[in-house]
Structures are given as structure tokens and as C-alpha cells.
Amino acid sequence: MALITKAIKGTQDTLPMDSHKVRFLEATLADIAGNYGFKEIRTPVFEHTELFNRSVGDTTDVVQKEMYTFDDKGGRSITLRPEGTAGAVRSFLEHGLFNEPSPMKVYYLTSCYRYEKPQAGRLREFHQFGVECFGTSSPAQDAEVIALADEVFGFLGVKGLELQINSIGCPHCRPVYQKALKDYFTAHKDELCETCTDRLERNPMRIIDCKEESDELKDNAPVVLDYLCEECKDHFEKVQKYLEAMNIDFTINPRIVRGLDYYTKTVFEFVSHDIGAQGTVCGGGRYDGLCEELGGKSIPALGFGMGMERLMLLLEAQGIELPKEETMALYLATAGDAASFKAAQIVHDLRAEGVPCAFDTVGRSIKAQMKYANKTGADFTAVIGDNELESGTVQLKYMETGETTEVRLDNFAEDFQQIAMNAAMSALQAELNTSEGDLANVDLSALLGGNTTWTE
Ligand code: ATP
Ligand code: MG
């Protein structure tokens, strides 16, 4: 039984009382990405294993230790995506999106799978918000992509995140750096883990990203910034100038090499100190060689991936509340079959106009129905019984103030919407008064909530 009633280790459910937070976050991210000209791309949850081996890189932790890889019934090696970039690049090349106006900017909200040791902020199924931009090698684009991530955090009110940037060079200058690293780590060969002993020959830069090695060993290693060619140096300086122009604070961290092989030039991370060891909420960079590596044309590109679960942890750690869940605008309590039929009709009509409302479908007592209405936070309630059916009117109660208004049953939908709109307007007025007319202090979304659709 335990296998049936327990989710797989490292996976999480989003429960009905929390899902609105995720939806709010997703909508916010989509909106901000949209403002920057990014359009959504959706790619399959699995791809040919080879795609990840080639793009993420076969000396990375992700490929060497973390992928969910299996043979399908046709004997193909399939891998559940461990990150979003590879699929986006594959799709970009496959569908010739380079023929569309350039730069091509895409974003995604997607699940990712990595066989890692589950802990706070580290799951086996997690979700990424990512953006990718194809077709420009200008440092202006690096800065714009970083600015997008920065704006997400700013919009949500997240504090204390540190933007760390670095440049890891290009195919011209990186080999010289790799050589220096190889010499350094060869002298410390006996301190390396088994995987890194192998990396020493094939990709010594990966050792800096390995979590097994001591900080001391990594801290004393040669620094990539000392090895950049003129072009990479100039690019990195300009990225900084753009960030300064946009007033985005950053620090240079020459230790960031990023966990995936495809990066060139700019790499960056947004790091928090509020959510424990897994503090990197967002990481990204430029990957100018990836399109060509995957068999396409040489097209410069860059992007980032933001961990949604880590973002959520951060919001919780900083006590940032997301707008409240949309509540029922109306709950109709009923006594008797005839009243229930009438309530069904009213609710049906109102829902067709986009009003979130409900009536009793359990057959509970009026008292129990009102308790339910209270618990679920309905804005308005009304009780329909024989008397109401006879008089053709019902008392509509605004739960916030207890105020009641008589409404005609045969014109309920129209009357109700008028009353609800008036209530929303006076709540807004009251809020404006208490916030001394400062609109910035008014939580409009909380006030109007789902009502926005039916007050227009
Ligand atoms: P880390 O150093 O924490 O392992 P990474 O370098 O492997 O991160 P990326 O591949 O850059 O991470 O993924 C981008 C973002 O996705 C990370 O910054 C993080 O927010 C999130 N992320 C990565 N792995 C996980 C995971 N196992 N569980 C939850 N979020 C993750
Ligand atoms: Mg990792």
C-alpha cells in the first residue's frame, strides 16, 4: 500500500489550497517575459538522450549522475529533460526559427527531472522558469536577460538576492585556462574525487563546479578572468556597463563556472542567503556554440533557468504573501427542492457571466450551509426557502459588513452584479482613504480578486 499512497521521493504535490500561488507566480513570470518580448515555447518532457549528452555535456554532474534515462519499448534511449535549454534549442533548430525575425526570444515554465539527493530546495522533479534568446552576440542582450530575472525578483519584492556574474571565455581563450587548471589540479591529484580524476583530462573546468572537492582547493585554482581574450574581456566589460546603466547591482564571482557545459562568455547566478545551502535561485549565461554543436548553424544565444520551488521557498522565508485565492462571490443556501432548483438556475446563469458562485449540493441544514459559506469565504450569501419563493425576493447579505439588500429572484443575476460592483467600489474607496490616497499602497488585486471579470 505504501507505494500507492506515497509520492516518489523528491517529488511534490501542489495542493488545491496552494495552487493559486503557483498560478499567480506563473502568470507574473509570463507577463514579465512578455514585456521583454519573450513568447512561450513548449517542448516534450522527454528527448533523445543524445541531445542532453551533447548539449549539457558528458562530463557534467547532470549527465554523469543525475539523468532519468531509460530505453523505451522500441529500444531508443530516452531521457526526461533535466533542464529546459536543450529542448528549446533543439526545437529552434528543427523548426527553422532562425528564419523568423531575430532575435528570437522564448520562455518556458516546465518540469525538470534530476536524480539528486532530495533536500530543501533540491528535488527530483522540480520546475523551471527559463528564457532563451537566439541570434545576437551583443552584450546588450546579456544585460537584458539578466534584467528580466532581476525584474522578476523586484516585482515580487524579494530582498537581499545577490547577482553574481562571471565570464568563462570562449573557444579561443578557454583552452589556455583549461591548461592552467589542468596543471594546477594535476599537482593536487590525490585530493580529487574519482569523477574529477577523469575530468582532469577531459574538462578540468568542471572540477570547479564539483561539490565533492574542498573549497580551499577550488579557491586557490587559477581564475578564468585572468585568461580572457580581448573580445571576451570587452564583452564582459560592456555587460557590466549595461547593468550599471540599468542600475542593477552585481558582484563579480570568478568561481562561477555553471554546471552545464554549453556556456561561453557571460555566466551569472542570483544567490540568496535565506534558503540554506541551495541558495542559487536562478542561473544562466551565454551559449554561443550550442546551436552549432547540435548540428545547426552557428547562432549566438543565451538564457537562464530559475528554480520555481526555490523561488517559492524564498518568498516564504521572506514572508512575502502572494495575492489571496479568488473566493466565491456568492453562496446560495437553500431549503427544500423548489428552492434548490431556483438556486441551480441562478448559479448557472451567473457562472455563464463569469461570476464565481456556488449553491448547496450536499443537502445540509441551513446552519451547516452557512458555516460552509463562511469557511470558504463567500463575499455574499442569500438563503432561499419557501418564503422567498413566494415573495419573489431574497435578502442578499454582504458578509464583510453584514449589510443586507433585497433582491428580486427573477432578476437576481443583474441585481446581484450591480450590488457586488457597488460593494467593490466602496471597499476600494475605503482602502484609498485609509492609505491616504496613495494608490501604491492599495492591494487592488486582493480587493477586486476574481471580481474583475464581472465588474467590467
Ligand atoms: P545547483 O548548483 O543548486 O545544483 P545547478 O547549477 O545544477 O544548481 P541549473 O542547472 O543552473 O542548476 O538550474 C537552474 C536552476 O534550477 C537552479 O538555479 C535552481 O534554482 C533550479 N534547480 C536546479 N536543480 C534543482 C533541483 N534538483 N531541485 C530544485 N531546483 C533545482
Ligand atoms: Mg545541480
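Residues numbered from 1 in each chain as written. Chains lettered and ligands numbered in written order. Predicted model: local features only at pLDDT ≥ 70, side-chain atom pairs only at ≥ 80, totals over all residues. Heavy atoms only, no water.

(A) Geometry of the state of the cysteines. Scanning the model with the defined rule gives zero disulfides in all. Distance from the sulfur of Cys133, which forms no disulfide, to the nearest cysteine sulfur (Cys291) is 11 Å. Looking at Cys133, the relative accessible area reads 0%, which means it is buried. By relative accessible area, which is 0% here, Cys291 ends up buried. (Disulfide = S-S within 2.5 Å. Buried < 20%, exposed > 50% of the residue type's maximum accessible area, 1.4 Å probe, protein only.)

(B) Representation of the site of ligand 1 within the structure. Looking at ligand 1, there are 16 residues lining it, with Arg114, Glu116, Arg122, Leu123 and Arg258 nearest. Take Glu116: an N or O atom from its side chain is 2.6 Å from a nitrogen atom of ligand 1. A distance of 3.2 Å is found between an oxygen atom of ligand 1 and a backbone nitrogen or oxygen belonging to Gly307. Considering ligand 1 on its own, with 590 Å² of exposed area, one finds that the protein chains cover 93% of that surface. If you list the elements that add at least two residues to the shell around ligand 1, you get strand 6 (125–134), strand 10 (280–286) and strand 11 (301–307). Each residue belonging to the shell around ligand 1 can be placed in one class, and the counts come to four nonpolar, six polar and six charged. (Near = heavy atom within 4 Å. Polar contact = N/O pair within 3.5 Å; in protein donor to acceptor, adjacent residues only side chain to side chain. Areas by Shrake-Rupley, 256 points an atom, 1.4 Å probe, with all protein chains shown as cover. Helix = DSSP H or I, 4+ residues; strand = E, 2+ residues; numbered from the N terminus. Nonpolar A, V, L, I, M, F, W, Y, C, P; charged D, E, K, R; others polar.)

(C) Examining a nonpolar patch on the surface more closely. Side chains of Val45, Phe46 and Phe70 sit close together on the surface and give an oily, nonpolar patch of about 240 Å² of accessible area. Along the polypeptide, Val45 turns up in the loop between strand 1 (39–40) and strand 2 (46–48). Among the residues examined, Val45 registers a relative accessible area of 30% and is labelled partly exposed. (Patch = residues over 30% accessible without salt bridge, like charges linked within 9 Å, V, L, I, M, F, W, Y side chains within 5 Å. Salt bridge = Lys/Arg side-chain N within 4 Å of Asp/Glu carboxyl O.)

(D) A look at the domain arrangement of the chain. As assigned here, the chain comprises domain 1 (19–173 + 228–317) and domain 2 (330–421). Placing the centre of domain 1 and that of domain 2 at their C-alpha centroids yields a distance of 49 Å. (Domains from an automatic or database assignment.)

(E) Region of interest: the packing of helix 2 (residues 19–35) against helix 13 (residues 308–317). One can describe the packing of helix 2 onto helix 13 by two numbers: an axis separation of 12 Å at closest approach and a directional angle of 110°. By the angle between their axes, helix 2 is roughly perpendicular relative to helix 13. Once helix 2 is placed against helix 13, the crossing between them reads as right-handed. Within the contact between the two elements, helix 2 uses Lys21, Val22, Leu25, Glu26 and Leu29 and helix 13 uses Met308, Leu311, Met312 and Leu315. Taken together, the residues of the contact of helix 2 with helix 13 break down into seven nonpolar, no polar and two charged. (Axes fitted to C-alpha atoms, helices over the stretch in contact; angles between N-to-C directions. Parallel < 35°, antiparallel > 145°, perpendicular 65-115°, else oblique. Left-handed = near helix turned anticlockwise from the far one by under 90°. Contact = heavy atoms within 4.5 Å.)

(F) Representation of the side chain of Thr59 in the model. Looking at the secondary structure, you find Thr59 in the loop between helix 3 (49–55) and helix 4 (61–66). Residues in contact with Thr59, not counting those within four places in the same chain, are Gln64, Arg199, Arg202, Asn203, Arg206 and Asp261.

(G) Local environment of the environment of Gln12. Relative to the helices and strands, Gln12 resides in the loop between helix 1 (2–5) and helix 2. Sequence separation of Gln12 and Ile299 is 287 residues, and the distance between their C-alpha atoms is 37 Å. Contacts of Gln12, omitting those with residues within four sequence positions, involve Leu123 and Glu309.

(H) Summary view of the pairing of strand 11. Judged by how many residues are buried, strand 11 sits mostly within the fold: seven of seven residues are covered. Going residue by residue along strand 11, you find Ala301, Gly303, Gly305 and Gly307 tucked away on one face and Leu302, Phe304 and Met306 tucked away on the opposite face as well. Strand direction decides the pairing type here: strand 6 and strand 11, joined by seven bridges, are antiparallel. Of the residues in strand 11, the one forming a bridge with Cys133 is Leu302. (Pairing = 2+ DSSP bridges.)

(I) Just the environment of Ile207, in detail. With respect to the secondary-structure elements, Ile207 resides in helix 9 (residues 205–208). In the structure, Ile207 is positioned 11 residues away from Cys196 in sequence and 5.8 Å away in space, judged by C-alpha atoms. In this structure, Ile207 is in contact with Phe185, Leu192, Cys196, Arg199, Leu200, Glu213 and Lys218, ignoring residues within four places of it in sequence.

(J) The arrangement of the sheet that holds strand 10 in detail. Spatial strand order, 1-5-6-11-10-9-7-8: eight strands in an open sheet with mixed pairing. A strand with exactly one partner marks an edge of an open sheet, and here the two such strands are strand 1 and strand 8 (251–252). Relative to strand 8, strand 7 (residues 162–167) is paired through two bridges, and the arrangement is parallel. Counted as the bridge partner of Ile165 is Ile252 from strand 8. Strand contacts of helix 11 (residues 230–245): strand 7, strand 8, strand 9 (264–271) and strand 10, with the helix running at about 160° to strand 7, the strand carrying the most contacts.

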